[in-house]
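The residues making up each chain are set out below.
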Amino acid sequence: MKKRNKLTKSSTISTPIWQAKWTALAVVFTIFFNSCSDPSSVGIELAPGNNQVGVFFTEFELPAEVVLLDSFNTTNQSLLVVGNEEDPYFGKTSSTGFTRMFFEVTDERPKAEAILDSMFFSVDIVSVNGQNLDEPKFYSIHRLTESILDTLYYNFSELAYEENPIASSEVEFGETKDTTILMTVTPEFSEELFGKLKRGTEFNNIFTFRDYFPGVAIKAREGDNTTIGVNLGSQTAILTYFHYPGDTVATSFEINTASSRSFNGVKSDRSGTPTEVVVEKQKAYQTGNLVGMKANLGMTIKVDSSPIDEFLDTLSGVIFKQVQLEIGEIETVPEGQNPPAFFVSYFTDDSNEILTRADGQPLTIQRDGQPQNILDENEQTIPAVIAPAIGSYNSTQGTYVVGITSYLNGIFRGEVTRKDWLLYGNSSETTGDDFKRSLRQFKVQNNRLKVKVIYSKIR
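To keep things clear, this report deals only with the structure shown in the data block. Everything numeric in this text was worked out from a predicted model, so none of it was measured.

### Points about the pairing of strand β16 (residues 290-294)
Then, number 1: Counting buried residues in β16 gives five out of five residues, a clear majority hidden from the surface.
Then, number 2: Burial of the side chains of β16 extends over both faces: L290, G292 and K294 are buried on one face and V291 and M293 on the other.
Then, number 3: Note that β16 and strand β25 (residues 441-445) share five bridges and pair antiparallel. Bridge pairing in β25 links L290 to Q445.

What follows is the structure in structure tokens.
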């Protein structure tokens with residue numbers, strides 16, 4: 001049996017079951033559990049029929065690398081990711097939102113004698129993640145020069161657009177995380193669009209309109225280090241206000257982004273940073289003392305879980321009471337920014353791809369208290385997929401923690417084959433894929449990914 005004590009740091013508590021000793025032990029574990037978990041959800045069960053119980057605590061590190069995932073589909077995420085960020089580890093990352101526009105053909109168009117009052121581009125912002133939010137951030141709307149097709153678009157995709165924006169504005173967010181901003185449309189485009197709206201065949205139907213106006217690209221300014229989420233629908237729109245001679249009340253016409261095909265395109269310049277070595281997709285890279293995760297770019301953390309086998313080889317006849325994967329404390333996150341709130345641990349191998357069942361369902365560690373395997377309709381054992389274990393961020397401690405007790409017990413009993421993990425910034429409990437809906441990120445020293453184990457052994 002191989003001994004790998006250098007991988008572990010262990011402490012042992014052995015005590016008879018009597019009141020005074022139990023009280024002292026309870027205090028010790030109350031302190032430990034309060035440091036890493038909700039005390040209402042964890043605990044040590046000591047069988048009262050035993051004369052002596054050995055309780056052990058061990059922790060060991062897991063090596064990690066980074067993997068840039070293959071390009072993924074960002075079509076119709078219902079949210080445009082618009083940002084421009086710079087980081088000494090990830091480099092320069094920008095995300096541009098591309099969308100068609102839509103209008104109701106039954107809406108009454110302005111007549112030939114209508115007089116234009118004003119035209120705005122309204123942007124419905126539902127999330128803000130950035131630095132120095134008391135300083136102005138700049139956003140611009142650009143008319144596309146090529147159409148968005150009825151096809152799939154990926155995070156590397158982009159379309160051509162006019163260099164000069166049709167609308168732009170600066171905004172100071174401060175503490176505001178959701179707002180609607182109105183950008184004044186340029187006089188040149190206002191006159192052009194209003195003329196088409198009054199007399200042109202471009203508004204006869206949605207197809208002739210999109211031939212004339214394929215859509216827009218929404219961009220952020222380089223150096224602003226801020227990313228917004230733009231909600232698509234009636235509130236992200238071109239708003240046209242006009243009146244007729246003699247009227248005192250303005251009438252409006254709306255061209256919005258409801259029912260409109262959209263996607264997010266990401267550009268990354270990692271030159272001069274630790275991640276500049278990350279060139280090929282689906283290949284694991286070491287990046288110095290740090291590893292990191294960045295959403296929408298598709299950079300994930302690959303964890304080598306082989307030290308689990310090495311640890312288990314040293315044990316026999318034990319029961320795992322609590323096992324956690326803890327990541328962090330992560331590197332300091334600038335004020336105004338937030339790291340991903342969650343991650344799931346997908347299984348992977350040397351392909352560095354997410355492994356799936358035969359039915360295409362991705363394989364993950366299942367949460368504590370849930371089976372790691374189930375029986376299919378043919379009474380064959382297959383991996384469970386319904387309850388992925390969620391790693392949650394604790395902003396107070398700056399750590400991610402996920403329970404893997406059931407998973408480790410499954411490996412120890414030979415019911416589960418150990419696999420390496422790809423940490424992916426999403427939660428099965430949220431709507432949509434959060435890893436495609438922001439540029440959130442975190443970095444951590446690669447010696448701060450640890451498995452912490454509490455187990456007992458009958459003597």
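Still more ground to cover, so stick around.
### Remarks on the environment of G200
Then, number 1: Of note, G200 is situated in the loop between α2 (187-199) and α3 (206-212).
Then, number 2: By relative accessible area, which is 13% here, G200 ends up buried.
Then, number 3: Filtering out sequence-adjacent residues up to four positions away, G200 remains in contact with R109 and G195.

### Some details on helix α5 (residues 405-412)
Then, number 1: Among the eight residues of α5, seven are classified as buried, and the element is accordingly described as predominantly covered.
Then, number 2: Considered for burial, the residues of α5 that qualify are T405, S406, Y407, L408, N409, G410 and I411.
Then, number 3: Just downstream of α5, G414 is the residue with a positive phi angle, here 80 degrees.

### Some thoughts on the nonpolar core
Then, number 1: Membership of the largest hydrophobic core comes to 59 residues, with the highest contact counts inside it found for I301, F320, I327, I404, W421 and V453.
Then, number 2: If one sorts the elements of this core by residue count, strand β18 (residues 318-328) sits on top with five residues.
Then, number 3: Residues contacting I404, with those up to four places away along its chain left out, are V323, Q324, L325, I365, D368, W421 and V451.
Then, number 4: In terms of nonpolar packing, the next biggest core, distinct from the first, is built from 41 residues, I125, I181, V230 and Y244 among them.

### Focus on the pattern of salt bridges
Then, number 1: Enumeration according to the criterion identifies 18 salt bridges in this entry.
Then, number 2: The partner of E59 in a salt bridge is K452, with the nearest N and O atoms 4.0 Å apart. You can see E59 sitting in strand β2 (residues 52-61) and its partner K452 sitting in strand β26 (residues 449-458), a full 393 residues away along the chain. Across the pair, exposure class does not vary: E59 and K452 are buried alike.

Rules used in this analysis
Throughout, residues of each chain are indexed from 1 in the direction in which the sequence is written. Since the coordinates come from a predicted model, pLDDT governs what is reported: local features require at least 70, and pairs of side-chain atoms require 80 or more to be given and counted, while whole-chain, interface and lining totals use all residues. To get the side-chain values, all heavy atoms of the structure are used, and hydrogens and water are removed first. Here's how the labels work: a residue is buried when its accessible area is under 20% of the maximum for its type, exposed when over 50%, partly exposed in between, all with a 1.4 Å probe on protein chains only. Strands here mean DSSP runs of E at least two residues long; helices mean DSSP runs of H or I at least four residues long; both are numbered from the N terminus. For two strands to be treated as a pair, DSSP must find at least two bridges joining them. Here, two residues are considered to be in contact whenever any of their heavy atoms come within 4.5 Å of each other. By nonpolar core we mean a set of buried residues, namely Ala, Val, Leu, Ile, Met, Phe, Trp, Tyr and Cys, connected to one another through side-chain atoms within 4.5 Å. Each reported salt bridge corresponds to a side-chain nitrogen of Lys or Arg within 4 Å of a carboxyl oxygen of Asp or Glu.

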